[in-house]
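Topology and contacts: notes
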Amino acid sequence: MTEPVITARALTKRYGTLTAVDGIDFEIARGESFGFLGPNGAGKSTTMRMIAATSTRTDGELTVLGLDTNRHGPEIRAQLGIVPQGDLLDEELRVIDNLTVYGRYFGLPRSYVKQRAEELLDFAQLREKRTARVDGLSGGMKRRLTIARGLINNPQIMLLDEPTTGLDPQARHILWDRLFRLKEEGVTLVVTTHFMDEAEQLCDRLVVIDKGRIVAEGSPSSLIRHYSTREVLEVRFGSGRNADAAAHLAGIGDRHEVLPDRVLVYADNGEHALQAVVERGLDPVTSLVRRSSLEDVFLRLTGRSLIE
Ligand SMILES: Nc1ncnc2c1ncn2[C@@H]1O[C@H](COP(=O)(O)OP(=O)(O)OP(=O)(O)O)[C@@H](O)[C@H]1O
């Protein structure tokens, strides 16, 4: 790995008796796009707040750009771009003013902020909305403005907490495209998400996090290769029949999972698995063969679905 810009060792955060982050280790390299993938409550936002030096750790070590987060908050924040889960924009201000006002919090020179804000309007594809009030923008535009705002100080590292939650598919794709551009410019991206497609799209490497612990680490493709089969056969046997039918699947594929509405059969060749199911006289109502995804990895590791 090239020089790490963020290093965590046995990083722990407790809230009273609750351990939200339970002794995790990770390193994030310069220019990398790194993800924390896990369900609600896994400890992703808590980890992000510690990286942003807005929440102190209870135990372990955490450095950002070589600086201890518990001791160098302001210096660290000056070099970070932060995109929190909610947009936290000033809804009554105009788009351009949201950028310039935020820039002044960093104590940056007025002329620099003015020029940077104009550049960022183009980056966020909001030129036409320059003087519009924020409360009239769509969800996707607000999110792009929040990202632009986070870039006002030209940060080396961008922290994005659930960047596309609540956006429609088209708005998500526009946002991913903007984030790709940042990555191409060499910005290190740190992303939390509970969407497997987002993790697959955005992350070079990710950790799967569950109940405050890291349960797996790797690139999306290596995690899928390691923890799943090439394909998955999804079969529905009709209400109440899934568990009964699954009891007769032994020997078909590598393994199977019974979900409330369907049975997943893990096999490198889904069509062959389907043929075997039919030959056993199990007669599914519907069937679908798809490639394995990070959702399958999560299910395998935790026995639960990412979005419950
Ligand atoms: N300020 C706080 N005080 C007490 N408990 C907290 C606080 N912040 C988070 N928690 C708890 O810590 C655990 C981890 O929460 P966290 O928000 O980090 O999870 P998450 O993976 O980011 O999920 P989400 O996507 O829902 O934000 C949860 O059980 C949560 O209730």
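What you are looking at is a predicted structure, and each value in this text was computed from that prediction instead of being measured. (Residues numbered from 1 in each chain as written. Predicted model: local features only at pLDDT ≥ 70, side-chain atom pairs only at ≥ 80, totals over all residues.)

Attention now moves to the overall build of the protein. For the protein, the count of helices and strands is eleven helices and 14 strands. Dimensions of the protein, computed from C-alpha atoms along their principal axes, come out at roughly 75 × 45 × 35 Å. Counting all 308 residues of the protein, 41% fall into the buried class. Sequence-distant contacts, at least 24 apart, represent 68% of the contacts inside the protein between residues at least 6 apart. (Helix = DSSP H or I, 4+ residues; strand = E, 2+ residues; numbered from the N terminus. Buried ≥ 20, exposed ≤ 12 C-beta atoms within 10 Å, placed from the backbone. Contact = placed C-beta atoms within 7 Å.)

Take the sheet that holds strand β8 (residues 188–193) next. Taken together, six strands build an open sheet; the order of strands is β6-β7-β8-β3-β9-β10 and the sheet is mixed. The open sheet has two edge strands with one neighbour each: β6 (80–83) and β10 (213–218). Here the average twist between neighbouring strands, direction ignored, is 15°. Sheet analysis places strand β9 (residues 205–210) next to β10, joined by five bridges and oriented antiparallel. Its bridge partner being in β10, valine 207 is matched across the sheet by glutamate 217. The strands touched by helix α5 (residues 139–150) are β6 and β7 (157–161); relative to β6, the strand with the most contacts, the crossing angle is about 160°. (Pairing = 2+ DSSP bridges. Axes fitted to C-alpha atoms, helices over the stretch in contact; angles between N-to-C directions.)

As assigned here, the protein comprises domain 1 (4–224) and domain 2 (231–301). Computed over C-alpha atoms only, the centres of domain 1 and domain 2 are separated by 37 Å. Every contact between the two is made by ten residues of domain 1 and, on the other side, seven residues of domain 2. For the side of domain 1 that touches domain 2, the secondary structure elements donating two or more residues are α7 (196–202), β10 and α8 (220–227). Looking at the side of domain 1 that touches domain 2, its residues break down into nine nonpolar, no polar and one charged. (Domains from an automatic or database assignment. Nonpolar A, V, L, I, M, F, W, Y, C, P; charged D, E, K, R; others polar.)

Right, let's talk about the site of the ligand for a bit. The environment of the ligand is formed by Tyr15, Leu18, Ala20, Gly38, Asn40, Gly41, Ala42, Gly43, Lys44, Ser45 and Thr46. In terms of residue count, the dominant contributor to the shell around the ligand is helix α1 (residues 44–51) (three residues). Of the residues in the shell around the ligand, the class split is four nonpolar, six polar and one charged. (Near = placed C-beta within 6 Å.)

What follows covers the environment of threonine 302. Checked against the element boundaries, threonine 302 lands in helix α11 (residues 294–302). Put simply, threonine 302 and threonine 58 are 244 residues apart on the chain and 26 Å apart in space, counted from C-alpha to C-alpha. Aside from chain neighbours lying at most four places away, what touches threonine 302 is Asp210 and Val215.

As a further point, take the UniProt feature "domain: ABC transporter" (unreviewed entry) in the protein. Annotation from UniProt places "domain: ABC transporter" (unreviewed entry) at residues 6–236. Strand forms 29% of residues 6–236 and helix 35%; the C-alpha atoms that close the span are 45 Å apart. (UniProt positions renumbered as here; feature names shortened; annotations may be inferred.)

Before going further, it helps to examine the packing of helix α3 (residues 95–105) against helix α4 (residues 110–123). At a minimum axis distance of 9 Å, the contact between α3 and α4 shows a crossing angle of 135°. Classified by the angle between their axes, α3 and α4 sit oblique to one another. Seen along the crossing, α3 lies across α4 with a hand that is right-handed. For the pair α3 and α4, the contacting residues are Ile96, Leu99, Thr100, Gly103 and Arg104 in the first and Val113, Lys114, Arg116, Ala117, Leu120 and Leu121 in the second. Of the residues in the contact of α3 with α4, the class split is six nonpolar, two polar and three charged. (Parallel < 35°, antiparallel > 145°, perpendicular 65-115°, else oblique. Left-handed = near helix turned anticlockwise from the far one by under 90°.)

Let us look at the nonpolar core. One finds Leu159, Val190 and Val208 to be the most contacted residues of the largest nonpolar core, which totals 65 residues. In terms of residue count, the dominant contributor to this core is strand β2 (residues 18–29) (five residues). Counting contributing residues per domain, this core is built from domain 1 (4–224) and domain 2 (231–301), each supplying no fewer than three. Counting 15 residues, the second-largest nonpolar core is a separate cluster that includes Val232, Leu233, Val263 and Tyr266. (Core = buried A, V, L, I, M, F, W, Y, C linked by C-beta atoms within 7 Å.)

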